[in-house]
Amino acid sequence: QSALTQPASVSGSPGQSITISCTGTSSDVGGYNYVSWYQQYPGKAPKLMIYDVSNRPSGVSNRFSGSKSGNTASLTISGLQAEDEADYYCSSYSSRSTFDWVFGGGTRLTVL
Amino acid sequence: QVQLVQSGAEVKKPGASVKVSCKASGYDFSKYAIHWVRQAPGQRLEWMGWINAGNGNTKYSQNFQGRVTLTGDTSASTAYMELSSLRSEDTAVYYCASPYITMIEGIERIIPFGYWGQGTLVTVSS
């Protein structure tokens, strides 16, 4: 299954900002504003953090923000906190015939 | 609040089938689709398909076409995912996910994968 490309890992110190990229194609990320981001702690289910590129569900901290340029979407976490250490996945609607939704490979965020 | 409770872990032999349940509460189960996603150990999330139990419509990833069957029981607000012809590569945590529903400029916006079940570990081993 073709997937979205994310960096394997990123790190930052408390209080800093980090950005995680998610690169796809014109058939998914670039073609639709249906990019979402999820936070997943080890052994736990994912949690929706951002939808439709840049919108936050109620209850999600405004330290999390999303954007998109061309075929690449980005998640930015500002004011890093220890509790932000987790895996982050992006997803996008896809117009490919084989599947409707595609996920990124995940990025492990380490708070130093 | 929305809650999805999945059935317990399963151990199956290669070639067998497994059926995982997902009981929903806190929203109109009959109105919105439930998606199924799996995650093999240390691997990415993989979309399997969705079902709208209210009208019976389904859509499957072609990566699972012919092996996965999604069903739903509206009277029990429960969705089911059955995977057949299991092989070792199917060892994974299987999740159900319901939508996050919001209003944008007066129009209902349905976001898939808004809420997730706790996951069901399916181990395929001889």
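Residues numbered from 1 in each chain as written. Chains lettered and ligands numbered in written order. Predicted model: local features only at pLDDT ≥ 70, side-chain atom pairs only at ≥ 80, totals over all residues. Heavy atoms only, no water.

(A) Highlighting the overall build of chain B. On a plain count of helices and strands, chain B comes out with 0 helices and 11 strands. In sequence order, the secondary structure elements of chain B are arranged as β-β-β-β-β-β-β-β-β-β-β. On C-alpha atoms alone, chain B measures out to a radius of gyration of 15 Å, which is about the 14 Å that the 2.2 N^0.38 rule sets for 126 residues. In terms of its C-alpha atoms, chain B occupies a principal-axis envelope of roughly 55 × 30 × 25 Å. A total of 126 residues make up chain B; the buried ones form 46% of that total. Taking as baseline every contact in chain B between residues at least 6 positions apart, the subset at least 24 positions apart corresponds to 53%. Total accessible area computed for chain B in this model is approximately 5,800 Å², and 47% of it derives from carbon and sulfur atoms. Charged side chains in chain B number 11 positive and 9 negative. The centres of these two groups are separated by 5 Å. (Helix = DSSP H or I, 4+ residues; strand = E, 2+ residues; numbered from the N terminus. Rg over C-alpha atoms; globule rule 2.2 N^0.38 Å. Buried < 20%, exposed > 50% of the residue type's maximum accessible area, 1.4 Å probe, protein only. Contact = heavy atoms within 4.5 Å. Areas by Shrake-Rupley, 256 points an atom, 1.4 Å probe, with all protein chains shown as cover. Lys, Arg positive; Asp, Glu negative; His and termini not counted. Charge placed at Lys NZ, Arg CZ, Asp CG, Glu CD.)

(B) The side chain of Gln40(A), seen in detail. By secondary structure assignment, the location of Gln40(A) is in strand S3 (residues 35–40). For Gln40(A), the side chain forms a polar contact with the main-chain oxygen of Lys44(A), separated by 2.9 Å. (Polar contact = N/O pair within 3.5 Å; in protein donor to acceptor, adjacent residues only side chain to side chain.)

(C) Highlighting the pairing of strand S6 (residues 57–60) of chain B. Residues and elements named next belong to chain B. Note that strand S5 (residues 45–52) and S6 share 4 bridges and pair antiparallel. The residue of S6 that forms the bridge with Ile51 is Thr58. Hairpin remark: S5 followed by S6, antiparallel, with 4 residues in the connecting loop; positive phi at Gly56, about 80 degrees. (Pairing = 2+ DSSP bridges.)

(D) Inspection of the interface of chain A and chain B at higher detail. With 25 residues of chain A in contact, the opposing surface of chain B contributes 25 residues. In this assembly, chain A packs against chain B so that about 2,100 Å² is buried in total across both faces, 57% of it on carbon and sulfur atoms. There are 2 salt bridges connecting chain A and chain B. Across the salt bridge formed by Asp100(A) and Lys59(B), the nearest N and O atoms sit 2.7 Å from each other. (Buried area = accessible area lost by both parts, 1.4 Å probe. Salt bridge = Lys/Arg side-chain N within 4 Å of Asp/Glu carboxyl O.)

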